[in-house]
Amino acid sequence: MTLLQHELTDFKVQAFQNNEFHEVTKADVLGHWSVFFFYPADFTFVCPTELEDLAAKYEDFKKIGCEIYSVSCDTHFVHKAWHDANEKIAKIQYPMLADPTALLARDLDTYNEADGMAERGDFIVNPEGKVVAYEVISSNVGRNADELLRRVQASQFVYEHGDQVCPAKWQPGEDTIEPSLDLVGLL
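Notes on the structure in this doc start here. The structure presented is a predicted model; accordingly, all values stated were derived computationally and were not measured.

### A look at helix H5 (residues 145-160)
End to end, H5 covers 23 Å across 16 residues, agreeing with the expected 22 Å (1.5 Å per residue, within 8%). Of the positions making up H5, those classed as buried are Ala145, Leu148, Leu149, Arg150, Arg151, Val152, Gln153, Ala154, Ser155, Gln156 and Phe157. Contacts from the buried residues of H5 go to strand S3 (33-38), helix H2 (47-63), strand S4 (66-72), strand S8 (120-125) and strand S9 (131-137). Sitting at the amino-terminal end of H5 is Asn144, which places a side-chain oxygen 2.7 Å from the backbone nitrogen of Asp146.

Okay, here's the thing in structure tokens:
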């Protein structure tokens, strides 16, 4: 079953951001683009490399009106401890959401019941709170923030230009395709 067009459930979770704890709710993600970036656990191996990669691209996401929410089933206290103990994680400025009850992980079908952790998944959510793109991959393979940014940009473009589609490897400013009967079999 697909999660495309799945609307986020109502939620309220704690976050660690800018050396403070605060609450994040579904209402906070409505009205702008969001990426929910699930990872298995704090104090692990692949996760800090991915989160550091996202931290390096955070301003690029912000420039296009997209907030990043990293999510694990750890508590916000563990996020703070990891932030304080790890130089890669110390670079993070985006909200690190705590999902110890796995409410978000279950809602987006990334929760691994056997391990009690989220799988490695990222979800692009539109301003209405609906999933428009996602991927879930093996927990031992890291993701690429450049490609995630490109997918957000393409999702934003087709959201605003519903009569056009973005070809493979499309970048902002490049040509798109307006589907029509004339193009069938020519591309």
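Moving on from the coordinates now.
### Observations regarding the sheet that holds S8
The seven strands lie next to each other as S2-S1-S5-S4-S3-S8-S9, forming an open sheet whose pairing is mixed. Of all the strands in the sheet, just strand S2 (20-25) and S9 have a single pairing partner and so form its edges. Put simply, the sheet's adjacent strands are angled 25° from each other on average, direction ignored. Strand direction decides the pairing type here: S8 and S9, joined by six bridges, are antiparallel. Along S9, the bridge assignment pairs Val125 with Val131. Sitting on the sheet, H2 touches strand S1 (12-17), S3, S4 and S8, and the angle it makes with S4 is about 165°. Against the sheet, helix H3 (residues 76-85) touches S1, S2, S4 and strand S5 (96-98), its axis set at about 15° to S1.

### Comments concerning the environment of Thr2
For Thr2, the location among the structural elements is in the segment before S1. Separated by 107 residues in sequence, Thr2 and Asp109 have C-alpha atoms that sit 9.9 Å apart. Of the polar contacts made by the side chain of Thr2, one reaches the backbone nitrogen of Leu4; its length is 3.1 Å.

### Thoughts on the pattern of salt bridges
Pairing between side chains of opposite charge can happen when the charged atoms of each approach one another. Across all of its chains, the model carries 15 salt bridges by this definition. The partner of Arg106 in a salt bridge is Glu113, and the shortest N-O contact between them spans 3.3 Å. Overall, the relative accessible area of 43% leaves Arg106 in the partly exposed class. Members of the salt-bridge network, linked through shared partners, are Glu50, Arg120, Asp122, Glu135, Arg143, Glu147, Arg150 and Arg151.

### Examining the packing of H2 against H5
For any two helices packed against each other, the geometry comes down to the angle between their axes and how far apart the axes lie. At their nearest, the axes of H2 and H5 sit 9 Å apart, and the two run at 30° to each other. It follows from the interaxial angle that H2 and H5 lie roughly parallel. Judged by the twist between their axes, the crossing of H2 over H5 is right-handed. Counting all contacts with H2, which are made through Asp53, Leu54, Lys57, Asp60 and Phe61, the residues of H5 involved are Ala145, Asp146, Leu148, Leu149 and Val152. Of the residues assigned to the contact of H2 with H5, the class counts are six nonpolar, no polar and four charged.

### Structural notes on the side chain of Asn112
Structurally, the position occupied by Asn112 is in strand S6 (residues 111-112). In this structure the side chain of Asn112 is engaged in a polar contact, spanning 3.1 Å, whose partner is the backbone nitrogen of Ala114. Looking at Asn112, its side chain comes within polar contact range of the side chain of Glu119, at 2.8 Å. Residues within four places of Asn112 in sequence aside, it is in contact with Met117 and Glu119.

### Examining H2
With 17 residues, H2 should cover 24 Å at 1.5 Å per step; its first-to-last C-alpha distance of 24 Å lies within 8% of that length. The principal kink in H2, of about 50°, is found at Lys57. Of all the positions in H2, only Cys47, Pro48, Glu50, Leu51, Glu52, Leu54, Ala55, Lys57, Tyr58 and Phe61 are classed as buried. Considering only its buried residues, H2 is in contact with S1, S3, S4, H3, S8 and H5. Just past H2, the residue Gly65 takes up positive phi, approximately 75°.

Rules used in this analysis
Every chain is numbered on its own, with residues counted from 1 as its sequence reads. Given that this is a predicted model, residues contribute local features only at a pLDDT of at least 70 and side-chain atom pairs are listed and counted only at 80 or more, while totals for whole chains, interfaces and linings are drawn from all residues. Excluded from the side-chain calculation are hydrogens and water; included are all heavy atoms of the structure. Put simply, DSSP H or I for four residues or longer makes a helix, DSSP E for two residues or longer makes a strand, and each gets a number counted from the N terminus. Multiplying 1.5 Å by the helix residue count minus one yields the expected span of that helix. Burial classes: relative accessible area under 20% of the type maximum marks a residue as buried, over 50% as exposed, and values in between as partly exposed (1.4 Å probe, protein chains only). Contact definition: two residues touch when any of their heavy atoms are within 4.5 Å. Here a polar contact is taken to be a pair of N or O atoms separated by no more than 3.5 Å, where protein atoms must pair a possible hydrogen donor with a possible acceptor and residues adjacent in sequence count only if both atoms sit in side chains. In this scheme, strands are said to pair when DSSP sees at least two bridges between them. Here an angle of 0 to 180 degrees is reported between the N-to-C directions of two axes, which are lines fitted to C-alpha atoms, with helices fitted over the stretch in contact. A carboxyl oxygen of Asp or Glu within 4 Å of a side-chain nitrogen of Lys or Arg is what we treat as a salt bridge. When an angle is under 35 degrees it counts as roughly parallel; over 145 it counts as roughly antiparallel; between 65 and 115 it counts as roughly perpendicular; any other value is oblique. In this scheme the handedness of a crossing depends on how the near helix is turned from the far one: anticlockwise by less than a right angle means left-handed, clockwise means right-handed. Residues are grouped as follows: Ala, Val, Leu, Ile, Met, Phe, Trp, Tyr, Cys and Pro are nonpolar; Asp, Glu, Lys and Arg are charged; every other residue, Gly included, is polar. Axes are fitted to the seven residues ending at a residue and to the seven starting at it; the angle between these axes is taken as the bend at that residue.

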